[in-house]
Amino acid sequence: MPARILLIEPTEEARSDFQKAIKNSQFEVAKAVGSGEEAVSCYEQLDPDLIVLDLSAPGFKDRSGEGGINIVKRLKTIDRAVPILVSHTPQTKYLVMEAMRL
């Protein structure tokens, strides 16, 4: 059985590209969403094996530019052990170390 991924990516094009890239692999996208609010609302229903998160995804109307970190924080309060793979853009690379710490 493939590992189930919750994909959090703000752009539809990137969500589609990711799903194409993992086609015929040991992974499947259980759900692809564009924001932290959507991710949290469906996380417990999905019980994914892995979360793939673009750090530029919008979070919860917190501080601008830190949506991805706020998503990590919120998901870790729900399930401390959930593995989260983060990606970043040049504009969000400063958030990578904080995401790793969380």
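Since the model is a prediction, treat every value here as computed from it, not as a measurement.

Draft legend 1. Quick peek at the overall build of the protein. The helix and strand inventory of the protein stands at 4 helices and 4 strands. From first element to last, N terminus to C terminus, the protein shows the α and β order β-α-β-α-β-α-β-α. Here the C-alpha atoms of the protein give a radius of gyration of 13 Å, agreeing with the 13 Å that 2.2 N^0.38 yields for 102 residues. Projected onto its principal axes, the C-alpha coordinates of the protein cover approximately 35 × 25 × 20 Å. The burial tally for the protein puts 40% of its 102 residues in the buried class. Within the protein, contacts between residues at least 6 apart in sequence are counted, and of these 65% link residues at least 24 apart. Only carbon and sulfur atoms are counted for the fraction: they give 50% of the accessible area of the protein, which is about 6,100 Å². Seen as two clouds, the 13 positive and the 15 negative side-chain charges of the protein have centres 3 Å apart.

Draft legend 2. Seen up close, the pattern of salt bridges. All told, the structure shown has 3 salt bridges when counted by the stated rule. Taking the shortest distance from any N to any O, the salt bridge between Glu12 and Arg15 comes out at 2.8 Å. Of this pair, Glu12 and Arg15 both sit in helix 1 (residues 12-21), 3 residues apart, which is roughly one turn of the helix. Residue classification places Glu12 among the exposed residues on the basis of a relative accessible area of 52%. Exposure remark for Arg15: the relative accessible area of 12% places this residue in the buried category.

Draft legend 3. The nonpolar core, seen in detail. Membership of the largest hydrophobic core comes to 20 residues, with the highest contact counts inside it found for Leu6, Ile8, Ile51, Leu53 and Leu55. Counting only elements with at least two residues in this core, the list comes to strand 1 (3-8), helix 2 (36-46), strand 3 (50-54), helix 3 (67-78) and helix 4 (96-101). Residue contacts for Leu6: discarding those within four places in its chain leaves Lys31, Val33, Ala39, Cys42, Tyr43, Leu46, Pro48, Leu50, Ile51 and Val52. By size, the runner-up hydrophobic cluster in this structure holds 6 residues, among which are Ile5, Leu7, Leu50 and Val52.

What counts and what doesn't
- Residues numbered from 1 in each chain as written.
- Predicted model: local features only at pLDDT ≥ 70, side-chain atom pairs only at ≥ 80, totals over all residues.
- Heavy atoms only, no water.
- Helix = DSSP H or I, 4+ residues; strand = E, 2+ residues; numbered from the N terminus.
- Rg over C-alpha atoms; globule rule 2.2 N^0.38 Å.
- Buried < 20%, exposed > 50% of the residue type's maximum accessible area, 1.4 Å probe, protein only.
- Contact = heavy atoms within 4.5 Å.
- Areas by Shrake-Rupley, 256 points an atom, 1.4 Å probe, with all protein chains shown as cover.
- Lys, Arg positive; Asp, Glu negative; His and termini not counted.
- Charge placed at Lys NZ, Arg CZ, Asp CG, Glu CD.
- Salt bridge = Lys/Arg side-chain N within 4 Å of Asp/Glu carboxyl O.
- Core = buried A, V, L, I, M, F, W, Y, C linked by side-chain atoms within 4.5 Å.

By themselves, these are just geometric observations and shouldn't be taken as functional.
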